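Coordinate analysis (summary)
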Amino acid sequence: MNEPEQNIPAVTILIPNYNGGDYLVGCVNSALAQDYPRTQICIVDDGSTDGSWNTIYSEYFKGTPHESVVYTHPDHDKKIDVKKCIKDGKLIIALKLLKNSGPSVARNVGIDYAWDTTDAYCLLDSDDEMYPNKISTCVRKFLEDPERIGVICSDYDTENAETNTLVTEFKEPYEAGRLHQECIVFSASFISKKALDRVKEGDNYFDPELHGPADEPFIGSCEDYDMWVRISESFMIIHIPEPMSLYRVTGKNSSIIAQQKSDIMMEALRKMFSKMNDRHAVQT
């Protein structure tokens with residue numbers, strides 16, 4: 001992009017992490033490698049117990065001039081430790097939640113923290129990676145109609161961590177009717193700030209209640225799906241037919257776990273469609 005940096009959208013790459021230490025550095029480094037200049041990276045460690053926070057600190061903050069602050073968020077009764085530094089010309093923000101609260105809460109905390117310094121977000125799970133041109137490609141598409149485009153999704157490559165096989169997943173073109181049948185939008189998508197502001201529910205962007213039985217409350221199953229449906233009711237969702245991310249299947253992915261436990265998935269879907277029906281009833 002040849003525009004002056006101050007004239008192009010600021011994008012926050014949002015990385016929630018829970019015990020993803022094995023792949024976390026590769027994930028963050030792929031965000032640092034983006035060829036789009038106006039990018040910041042926000043990592044939210046969701047009470048990890050695998051040493052992820054130590055990995056974040058030693059890899060990106062130790063020996064590097066950085067700032068440490070304390071942040072208060074309405075969803076947490078404890079203060080949140082925040083560290084910030086500049087790495088490879090990009091701002092890295094790392095927030096440490098003291099208890100595991102699930103991917104929706106982690107994302108919501110990161111969205112709120114970065115809100116005043118960003119125009120859009122790009123989601124990235126901590127065991128995945130993005131290719132260097134992902135943000136620049138999404139921004140170019142977004143600028144074609146920034147008032148109406150809410151989400152930009154793409155194809156992706158899937159890597160099986162056990163077999164080391166790589167398969168390209170070609171997603172079907174977006175169509176609203178199909179979205180109501182199944183989630184055809186990839187989780188690692190680009191989201192406009194305006195869309196998030198429009199669909200916010202109370203204090204939340206992603207719904208922290210979309211999980212299954214109370215004994216396994218923090219297995220994410222369809223919080224992404226719910227977000228895409230809500231945004232699709234007011235904005236366009238655009239599909240770019242090329243792989244721009246690496247999705248890693250590790251056996252620990254929350255979506256995989258949820259699929260293996262059908263009661264969790266079905267309960268979350270029931271809640272999601274109940275919300276959708278309630279919205280449509282109000283509109284009519």
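Residues numbered from 1 in each chain as written. Predicted model: local features only at pLDDT ≥ 70, side-chain atom pairs only at ≥ 80, totals over all residues. Heavy atoms only, no water.

A closer look at the overall build of the chain
We count it as follows: The helix and strand labels rest on DSSP assignments: H or I over at least four residues marks a helix, E over at least two residues marks a strand, and numbering proceeds from the N terminus. Here, residues are in contact when the closest pair of their heavy atoms is within 4.5 Å. Surface exposure here means Shrake-Rupley accessible area, sampled with a 1.4 Å probe, where a residue is shielded only by the protein chains that are shown.
Within the chain, the secondary structure is distributed over 9 helices and 11 strands. Expressed as a percentage of contacts within the chain between residues at least 6 apart in sequence, the contacts between residues at least 24 apart total 77%. Of the roughly 12,800 Å² of accessible surface on the chain, a fraction of 48% belongs to carbon and sulfur atoms.

Topic: the packing of helix α1 (residues 21-32) against helix α2 (residues 52-61)
A pair of packed helices is captured by two measures, namely the crossing angle of their axes and the spacing between those axes. Applicable threshold: Helix axes are fitted to C-alpha atoms over the stretch in contact, other axes to C-alpha atoms as well, and angles between N-to-C directions run from 0 to 180 degrees. Here the angle decides the label: under 35 degrees means roughly parallel, over 145 means roughly antiparallel, 65 to 115 means roughly perpendicular, and every other value means oblique. By definition, any crossing whose near helix is turned counterclockwise from its far helix by less than a right angle is left-handed, and any crossing with a clockwise turn is right-handed.
For the pair α1 and α2, interaxial distance at closest approach is 10 Å and the crossing angle is 40°. As summarised for this structure, α1 and α2 are arranged oblique, according to the angle between their axes. Helix-helix and strand crossings are classified by hand; for α1 and α2 the assignment is right-handed. In this structure, α1 contributes Gly21, Leu24, Val25, Val28, Asn29 and Leu32 to the contact, and α2 contributes Ser52, Thr55, Ile56, Glu59 and Tyr60.

Focus on helix α4 (residues 134-142)
Under the convention used in this document: To sort residues, take the accessible area from a 1.4 Å probe on protein chains only and compare it with the maximum for the residue type: under 20% means buried, over 50% means exposed, and anything in between is partly exposed.
Most of α4 sits out of view: 7 of its 9 residues are buried. Where α4 is concerned, the buried positions are Lys134, Ile135, Ser136, Thr137, Cys138, Val139 and Phe142.

Observations concerning the environment of Glu172
For clarity, the cut-off: Side-chain atoms alone can form a polar contact between residues adjacent in sequence; in general such a contact is a pair of N or O atoms within 3.5 Å, and within protein one must be able to donate a hydrogen while the other accepts it.
Relative to the assigned elements, Glu172 resides in the loop between β9 (166-169) and α5 (176-179). For the pair formed by Glu172 and His239, sequence separation is 67 residues and the distance between their alpha carbons is 8.3 Å. Setting aside residues no more than four positions away along its own chain, Glu172 makes contact with Arg178, Ile184 and His239. Separated by 2.8 Å, the side chains of Glu172 and Arg178 make a polar contact.

Quick word on the pairing of strand β8 (residues 149-160)
For clarity, the threshold we go by: Here the rule is simple: two strands pair whenever DSSP picks up at least two bridges between them.
Among the 12 residues of β8, 10 are classified as buried, and the element is accordingly described as predominantly covered. Examined bridge by bridge, β8 and strand β11 (residues 236-249) share 10 bridges and lie parallel to one another. If you follow Asp157 over to β11, its bridge partner there is Leu246. Summarising the sheet, β8 and strand β10 (residues 190-192) pair through 2 bridges and their orientation is antiparallel. Along β10, the bridge assignment pairs Val151 with Ile191.

Comments concerning the pairing of strand β2 (residues 39-46)
Most of β2 sits inside the fold, with 8 of its 8 residues counted as buried. In β2, alternate side chains face the same way, and those of Thr39, Ile41, Ile43 and Asp45 on one face and Gln40, Cys42, Val44 and Asp46 on the other are all buried. Of the strand pairs in this sheet, strand β1 (residues 11-17) and β2 are connected by 7 bridges, and their pairing is parallel. Of the residues in β2, the one forming a bridge with Val11 is Thr39.

Observations regarding the pattern of salt bridges
Worth spelling out the cut-off: Just to be clear on terms, a salt bridge is a Lys or Arg side-chain nitrogen sitting within 4 Å of an Asp or Glu carboxyl oxygen.
The full count for this structure, using the stated rule, is 17 salt bridges. Glu67 is the salt-bridge partner of Lys84, the closest N and O atoms lying 3.9 Å from each other. Of the two residues, Lys84 sits in strand β4 (residues 80-87) while Glu67 sits in strand β3 (residues 66-71), which places them 17 residues apart along the sequence. One salt bridge connects Asp125 with Arg107, and the closest N-O pair in it is separated by 3.4 Å. Of this pair, Asp125 sits in the loop between β6 (120-123) and β7 (129-130) while Arg107 sits in helix α3 (residues 103-114); the two residues are 18 residues apart in sequence, bridging distant segments of the chain. Of the residues examined, Asp125 reaches a relative accessible area of 24% and is grouped as partly exposed. Beyond isolated ion pairs, a larger network of salt bridges with shared partners links Glu201, Asp207, Asp226, Arg230 and Lys275.

Observations regarding the side chain of Ser104
You can see Ser104 is positioned in helix α3. Engagement of the side chain of Ser104 in a polar contact is seen with the backbone oxygen of Asp207, the distance being 3.1 Å. Contacts of Ser104, omitting those with residues within four sequence positions, involve Phe206, Asp207, Pro208 and Glu223.

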